[in-house]
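# Chains, contacts and geometry: an overview
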Amino acid sequence: QVQLVESGGGLVQPGGSLKLSCVASGLAISEYVMAWYRQAPGKERENVAETSWSEMTTYSAFATGRFTISRDNAKNTVYLEMTNLKPSDTAVYYCAAAARGSAEYNYWGQGTQVTVSA
């Protein structure tokens, strides 16, 4: 059974930083594209960043320069380091995994809440 478990969310002041973790079980992330998505209240879920099995990374415009996605295949864990956080970053952040050749993300975590507020 595949599980993706996110952690590291919380309440942070504007300008602060957080590092999210996503621990995978039941699959080897080295064979998957791993991504972070987020969904703010009343908004659609949106892609934040992704990392391929070759560790190529892509970022959405709002994440570029502030967020860093990384993976540790030995720990089967993906990270999202977020800096200079803004109130507009408030959302539930989800980890997702896509198998090679898949047109969509096959597995999702339950999410971790990030709240940016003074």
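What this report covers is the structure whose coordinates are included nearby. These numbers were taken from a predicted model, which means no experiment stands behind them. (Residues numbered from 1 in each chain as written. Predicted model: local features only at pLDDT ≥ 70, side-chain atom pairs only at ≥ 80, totals over all residues. Heavy atoms only, no water.)

### Quick notes on the packing of aromatic side chains
We apply this condition: Each Phe, Tyr or Trp ring (for Trp, its six-membered ring) is paired with any other whose centre lies within 6.5 Å, and the angle between the two planes then decides the class: stacked below 30 degrees, edge-to-face above 60, tilted in between. Every helix listed is a DSSP run of H or I at least four residues long, and every strand listed is a run of E at least two residues long, numbered separately from the N terminus. Charge over a ring is defined by NZ of Lys or CZ of Arg lying within 6 Å of the ring centre and within 35 degrees of the ring normal.
For the coordinates displayed, the defined rule picks out 5 aromatic pairs. Taking the centre distance of 5.0 Å and the plane angle of 65 degrees together, the rings of tyrosine 37 and tryptophan 108 count as edge-to-face. Taken as a pair, tyrosine 37 in strand β4 (residues 32-39) and tryptophan 108 in strand β10 (residues 107-108) lie far apart in primary sequence, 71 residues in all. Where phenylalanine 62 meets phenylalanine 67, the ring centres are 6.4 Å apart and the plane angle is 80 degrees; that geometry is what we call edge-to-face. Taken together, Tyr37, Tyr105 and Trp108 form an aromatic cluster joined through their ring pairs. For the cation-ring pair, lysine 19 lies above tyrosine 79, with the distance from its terminal atom to the ring centre recorded as 4.7 Å. Positioned above the aromatic ring of phenylalanine 62 is the side chain of arginine 38, whose terminal nitrogen or guanidinium carbon lies 3.7 Å from the ring centre.

### Observations concerning the sheet that holds strand β7 (residues 67-72)
Here is the rule: We call two strands paired when DSSP finds no fewer than two bridges between them. Axis lines are fitted to C-alpha atoms, over the contacting stretch for helices. Their N-to-C directions set the angle, which ranges from 0 to 180 degrees.
Read across the open sheet, the 4 strands follow the order β1-β3-β8-β7; overall the sheet is antiparallel. Every interior strand has two partners, whereas the edge strands, β1 (3-7) and β7, have only one. Along the sheet, successive strands turn relative to each other by an average axial angle of 15 degrees, direction set aside. Bridge count for β1 against strand β3 (residues 18-25) is 5 bridges, and the pairing is antiparallel. Within the sheet, the bridge partner assigned to glutamine 3 lies in β3 and is serine 25.

### A word on the state of the cysteines
As a reminder, the rule being used: Disulfide assignment relies on a single distance test, namely cysteine sulfur atoms paired within 2.5 Å. For every residue, the accessible area (1.4 Å probe, protein chains only) is compared with the maximum for its type, and the residue is labelled buried under 20%, exposed over 50%, or partly exposed between those bounds.
One pass over the structure, following the stated rule, counts 1 disulfide. The disulfide bridge from cysteine 22 ends at cysteine 95, spanning 2.1 Å between sulfur atoms. As the torsion about the S-S bond is roughly -75 degrees, the cysteine 22-cysteine 95 disulfide counts as left-handed. Linking cysteine 22 in strand β3 with cysteine 95 in strand β9 (residues 91-99), this pair joins segments that are 73 residues apart in sequence. Assessed through its relative accessible area of 0%, cysteine 22 is described here as buried. Looking at cysteine 95, the relative accessible area reads 0%, which means it is buried.

### Quick look at the nonpolar core
Put simply, the rule reads: Only buried Ala, Val, Leu, Ile, Met, Phe, Trp, Tyr and Cys residues count toward a nonpolar core, and they belong to the same one when joined by side-chain atoms within 4.5 Å. By definition in these notes, contact holds between two residues if any of their heavy atoms fall within 4.5 Å.
In this structure, Met34, Trp36, Val48, Phe67, Leu80, Met82 and Tyr93 are the most contacted members of the largest nonpolar core, which totals 27 residues. For this core, the secondary-structure elements that each account for two or more residues are β3, β4, β5 (46-51), β7, β8 (77-82), β9 and β11 (112-116). Excluding its chain neighbours within four sequence positions, the residues that come into contact with methionine 82 are Gly16, Ser17, Leu18, Leu20, Arg66, Phe67, Tyr93 and Val114. Val33, Ala35, Tyr37 and Tyr105 belong to the second largest nonpolar core, which has 6 residues in total.

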